Amino acid sequence: MRPRDAAELVRLPAALTAPGDSLAGAAAAGWPYGGRTWAAPAASVCLYLAGMALNDFADSDLDAFERPERPVPSGRVAPFQALGTAVALSGAGLGLAAVAGGTRALRVAVPLTAAVWSYDLWAQRTAAGPAVMALARGLDVLLGAGGDLRRAALPAFAVAAHTAGVTTLSRGEVSGTSGRAAAAALTGTATAAATAAALAATRTGPAAGARPRTGTVPRTAAASRTGTGRRTRVAAGVATGAALAGYAATVGRAQLAALRAPGHAPTVRAATGTGVRGVTGLQSALLAGAGAPVLAGALTALGGLARVASRKVSPT
């Protein structure tokens, strides 16, 4: 298998959107894996790539008519190679999850892997497809959180809502979609953005920076800490707002265009690609709101890299 064919098989640019899931979950849960946190986004990437390879294996007959340029139907990659790639990457993802958090991480990684395989082999052809894909991305957030549902439920829900909308819209990439599906995608984006904004407000609002009790620390130290905390909260709020504005301006705008012309397949396909890449804006907002603005900025840059790379290799 040639490198270019392998990159197309796994939709390599789109894999750059995967690390943000587990990083958002880790930030929400207080970085439960400590110094081994790096292994969680690495696991996310492997499982994402596995899903893409498995998708081409499962859809080879359909792609022969709808997407004949893809590696498997074009004959550049054999079906057994696509399946072998999916198996190997799934194993690598589970192994990296074990490195990150042992049994605790595997309790999430195993059902996540099952959701990925279920989507490709069964659910994508049924009405359950968007829900199963949303479940997979939500579990990916929880993977980073060490399964801490209490602290990472809202970030997981935000990513899942975005994913459900994009997956619904993606079904019309070849022949166009319906106005209802396009509206559902836009609703998913709005729901995800509203959830991220509400979550950030609870972490950066006045209640998040309650003053120390009188007498517990010297007055000058208390004033200094209060000032520093206030500046940190303001910076986090600004970073979150900027990320969400970028998310709405890219993903929301593209989906609005699809809503206005749902039967125009190129517009729907463009909106799908923008939605796939644009999740990094949502992830950045979640990270900034959780107090990790540097990582949020890095993720925004990663999203830009994904857009550039998508000009060479399709992310859908």
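Look up: the structure comes first, before these words.
Residues numbered from 1 in each chain as written. Predicted model: local features only at pLDDT ≥ 70, side-chain atom pairs only at ≥ 80, totals over all residues. Heavy atoms only, no water.

*Asks:* Help me get a handle on the overall build of the protein, residues and values and all.
*Replies:* A count of helical and extended segments in the protein gives 12 helices and 0 strands. Put simply, the protein runs from its N terminus to its C terminus through helices and strands in the order α-α-α-α-α-α-α-α-α-α-α-α. Here the protein has a C-alpha radius of gyration of 20 Å; the compact-globule value for 316 residues is 20 Å, and the two agree. Considered along the principal axes of its C-alpha atoms, the protein spans approximately 75 × 45 × 30 Å. Split into buried and exposed, the 316 residues of the protein put 51% on the buried side. Across the protein, every contact between residues at least 6 apart in sequence was considered, and the portion connecting residues at least 24 apart equals 77%. When the accessible surface of the protein is summed, it comes to about 13,700 Å², and 65% of that surface belongs to carbon and sulfur atoms. Taken together, the 30 basic and 13 acidic charged side chains of the protein have centroids lying 19 Å from each other. (Helix = DSSP H or I, 4+ residues; strand = E, 2+ residues; numbered from the N terminus. Rg over C-alpha atoms; globule rule 2.2 N^0.38 Å. Buried < 20%, exposed > 50% of the residue type's maximum accessible area, 1.4 Å probe, protein only. Contact = heavy atoms within 4.5 Å. Areas by Shrake-Rupley, 256 points an atom, 1.4 Å probe, with all protein chains shown as cover. Lys, Arg positive; Asp, Glu negative; His and termini not counted. Charge placed at Lys NZ, Arg CZ, Asp CG, Glu CD.)

*Asks:* Outline helix α12 (residues 293–309), listing residues and values.
*Replies:* One turn of the α-helix equals 3.6 residues, which is why residues spaced by three or four share an orientation. Along its 17 residues, α12 runs 24 Å from first to last C-alpha, staying within 8% of the 24 Å computed at 1.5 Å per residue. For α12, the full list of buried residues reads Ala296, Leu299, Gly303, Gly304 and Ala306. Along α12, the residues classed as buried sweep out an arc of 155° about the axis, all on the same side. Across from the buried face of α12, at angles greater than 90 degrees, the exposed residues are Val294 and Ala301. Those residues of α12 that are buried are in contact with α2 (12–15), α3 (19–28) and α11 (265–289). (Expected span 1.5 Å × (residues − 1). Arc of directions from axis to C-beta.)

*Asks:* How would you explain α3 if you had to name every residue and give the values?
*Replies:* For α3, a buried count of 10 out of 10 residues is recorded, marking the element as mostly surrounded by other parts of the structure. Burial in α3 covers these residues: Pro19, Gly20, Asp21, Ser22, Leu23, Ala24, Gly25, Ala26, Ala27 and Ala28.

*Asks:* Summarise the packing of α11 against α12; cite the residues concerned and give the values.
*Replies:* Where α11 contacts α12, the axes come no closer than 8 Å and their chain directions differ by 175°. For the element pair α11 / α12, the angle class is roughly antiparallel. Contacts between α11 and α12 involve Arg277, Thr280, Gln283, Ser284, Leu287 and Ala288 from the first element and Pro293, Leu295, Ala296, Leu299, Thr300, Gly303, Ala306 and Arg307 from the second. Split into classes, the residues belonging to the contact of α11 with α12 amount to 7 nonpolar, 5 polar and 2 charged. (Axes fitted to C-alpha atoms, helices over the stretch in contact; angles between N-to-C directions. Parallel < 35°, antiparallel > 145°, perpendicular 65-115°, else oblique. Nonpolar A, V, L, I, M, F, W, Y, C, P; charged D, E, K, R; others polar.)

*Asks:* So what about the nonpolar core? Which residues, and what values?
*Replies:* Within the largest apolar cluster, 40 residues are counted, with the highest numbers of intra-cluster contacts made by Leu112, Leu143, Leu282 and Leu286. Sorting elements by how many residues they give to this core places helix α6 (residues 79–121) first, with 9 residues. Among the nonpolar cores identified, the runner-up in size contains 18 residues, and Val10, Ala53, Leu54 and Ala82 belong to it. (Core = buried A, V, L, I, M, F, W, Y, C linked by side-chain atoms within 4.5 Å.)

*Asks:* Please set out unusual backbone geometry residue by residue, giving values where relevant.
*Replies:* Negative phi values dominate among residues other than glycine, just as trans dominates among peptide bonds. Positive phi outside glycine occurs at Arg11, with the angle close to 50°. One can find Arg11 in the loop between α1 (3–9) and α2. Backbone geometry places Trp31, a non-glycine residue, at a positive phi of 55°. Summarising the element assignment, Trp31 is placed in the loop between α3 and α4 (39–58). Since its relative accessible area comes to 32%, Trp31 is described here as partly exposed.

*Asks:* Let's hear about the environment of Arg137: which residues, and what values?
*Replies:* Mapped onto the elements of the fold, Arg137 is located in helix α7 (residues 129–144). By relative accessible area, Arg137 is classed as buried at 11%. Residues Arg137 and Gly147, 10 residues apart in the sequence, show an inter-C-alpha distance of 13 Å. Setting aside residues up to four positions removed in sequence, Arg137 forms contacts with Thr17, Ala18, Asp21, Tyr48, Val159, Thr163, Val279 and Gln283. Separated by 2.5 Å, the side chains of Arg137 and Asp21 make a polar contact. (Polar contact = N/O pair within 3.5 Å; in protein donor to acceptor, adjacent residues only side chain to side chain.)

Any functional reading would require information that these geometric values do not contain.
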